[in-house]
Each structure stands twice: as structure tokens, then as C-alpha cells.
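What follows is each chain in one-letter form.
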Amino acid sequence: MNNSQKLLDMAMKVADNSYSPYSNFAVGCAIFADNRCFYSGCNVENVSFPVGTCAEEAAIAAMIADGGKKIVEILVYADAENLISPCGACRQRILEFADDNTMVYMANTKGIGKSVKAMELLPFVFKEF
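Everything in this summary refers to the structure shown in the same document. Quick caveat: nothing in here was measured; it's all calculated off a predicted structure. (Residues numbered from 1 in each chain as written. Predicted model: local features only at pLDDT ≥ 70, side-chain atom pairs only at ≥ 80, totals over all residues. Heavy atoms only, no water.)

With respect to helix 3 (residues 88–96)
Of the positions making up helix 3, those classed as buried are Cys90, Gln92, Ile94 and Leu95. In this structure, the buried residues of helix 3 make contact with helix 2 (55–65), strand 3 (71–78), strand 4 (103–108) and helix 4 (118–121). (Buried < 20%, exposed > 50% of the residue type's maximum accessible area, 1.4 Å probe, protein only. Helix = DSSP H or I, 4+ residues; strand = E, 2+ residues; numbered from the N terminus. Contact = heavy atoms within 4.5 Å.)

Put into C-alpha cells, the structure is as follows:
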């Protein structure tokens, strides 16, 4: 099994654990990191919408907590018919831990629908100067 398929399987599984009673929109994310480990996370909503957690944010936090430093590949999955991409805040979060070769896969119930290099997500990313 290649990494992208493993990432899809992980993201689909973790999306089942999503806490999304307000939007009814489950999202899962899976990461393959530089330490050769896999991580996942799901969205966790809150009645006070700004304090919820995106799936990408949860997966990145798990990676950092375990000692991973860089995202090699990342997949975002929505339990929906339409393809989604990371929100603006998550694009910045991804790029904080990405490099020019980091692949971003976007998937839905039909499978992986699009893949891009991380820099294509946010061409004018904030960078340390």
C-alpha cells in the first residue's frame, strides 16, 4: 500500500470520530512525517465556533507532540460528495511544517480527487524573514 492510500484510510477512519454536531460535516486528516511516522486528527467543534479544532490542526499537533518536525505528505478528507481543501488558517499551519516537496492530497467519499504541492495552497505564505 502506498502512502497516499494509507493516509486516505487513516483520515476516513478518524473522520468517524469527528465531533461535529453543529455543522454535521466530518473531516479527517492524516500526515506522513519526516520521522517516518503517521498521524491523524479530526475536527472537534464547539458551540462557540471560533474555539473549535480543525482536523489538520489536530493531526499537526499529534505530529509535533510525538517529535515529528516536517510534513512529508498530508491528506484532508471530508465525509462528503464535494471535494474540500484546507481552510486559510490550516493552509498557513501546513506551510509552517512543509517544504517545497510536501504533497497535499484532498479527498472525499469518492477517494483522492486532487493533489498539489503545499506552496500551491497559499502562494503568499507568511515566512520568517
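Some details on a nonpolar patch on the surface
A cluster of nonpolar side chains, Tyr19, Tyr22, Val44, Val47 and Phe49, forms an exposed patch at the surface whose accessible area comes to about 520 Å². With respect to the helices, strands and loops of the structure, phenylalanine 49 is situated in the loop between strand 2 (38–42) and helix 2. (Patch = residues over 30% accessible without salt bridge, like charges linked within 9 Å, V, L, I, M, F, W, Y side chains within 5 Å. Areas by Shrake-Rupley, 256 points an atom, 1.4 Å probe, with all protein chains shown as cover. Salt bridge = Lys/Arg side-chain N within 4 Å of Asp/Glu carboxyl O.)

A look at the nonpolar core
One finds Cys29, Ile31, Ile71, Ile74, Ile94 and Val104 to be the most contacted residues of the largest nonpolar core, which totals 24 residues. Those elements that place two or more of their residues in this core are strand 1 (27–33), helix 2, strand 3, helix 3, strand 4 and helix 4. Residues Ala26, Leu75, Tyr77 and Ala107 belong to the second largest nonpolar core, which totals 13 residues. (Core = buried A, V, L, I, M, F, W, Y, C linked by side-chain atoms within 4.5 Å.)

Notes on the pairing of strand 5 (residues 111–117)
Bridge analysis of strand 4 against strand 5 gives six bridges, and the strand direction is antiparallel. When the bridges of strand 5 are listed, methionine 106 appears paired with lysine 114. Counted between consecutive antiparallel strands, the loop separating strand 4 from strand 5 contains two residues. (Pairing = 2+ DSSP bridges.)

A word on the sheet that holds strand 5
If you walk across this open sheet you meet the five strands as 2-1-3-4-5, and the pairing is mixed. For this open sheet the edge positions go to strand 2 and strand 5, each flanked by a neighbour on one side alone. This sheet shows a mean twist of 20 degrees between the axes of neighbouring strands, independent of strand direction. Where strand 1 meets strand 2, five bridges bridge the pair, whose relative direction is antiparallel. Looking at the pairing, glycine 28 lines up with cysteine 42 of strand 2. (Axes fitted to C-alpha atoms, helices over the stretch in contact; angles between N-to-C directions.)

Things to note about the packing of aromatic side chains
Scanning the model with the defined rule gives two aromatic pairs in all. Taking 5.9 Å as the distance between ring centres and 90 degrees as the angle between the ring planes, the aromatic pair formed by tyrosine 22 and phenylalanine 49 counts as edge-to-face. Here tyrosine 22 is found in the loop between helix 1 (3–15) and strand 1, whereas its partner phenylalanine 49 is found in the loop between strand 2 and helix 2, with 27 residues between them in sequence. Overall, the relative accessible area of 38% leaves tyrosine 22 in the partly exposed class. When the centroid spacing of 4.8 Å and the interplanar angle of 40 degrees are considered together, the rings of phenylalanine 32 and phenylalanine 38 count as tilted. The partly exposed category is assigned to phenylalanine 38, whose relative accessible area is 23%. Here the guanidinium or amino end of lysine 6 rests over the ring plane of phenylalanine 38, the centre of that ring lying 4.4 Å away. (Phe/Tyr/Trp six-rings, centres within 6.5 Å; stacked < 30°, edge-to-face > 60°. Lys NZ or Arg CZ within 6 Å of the ring centre and 35° of its normal.)

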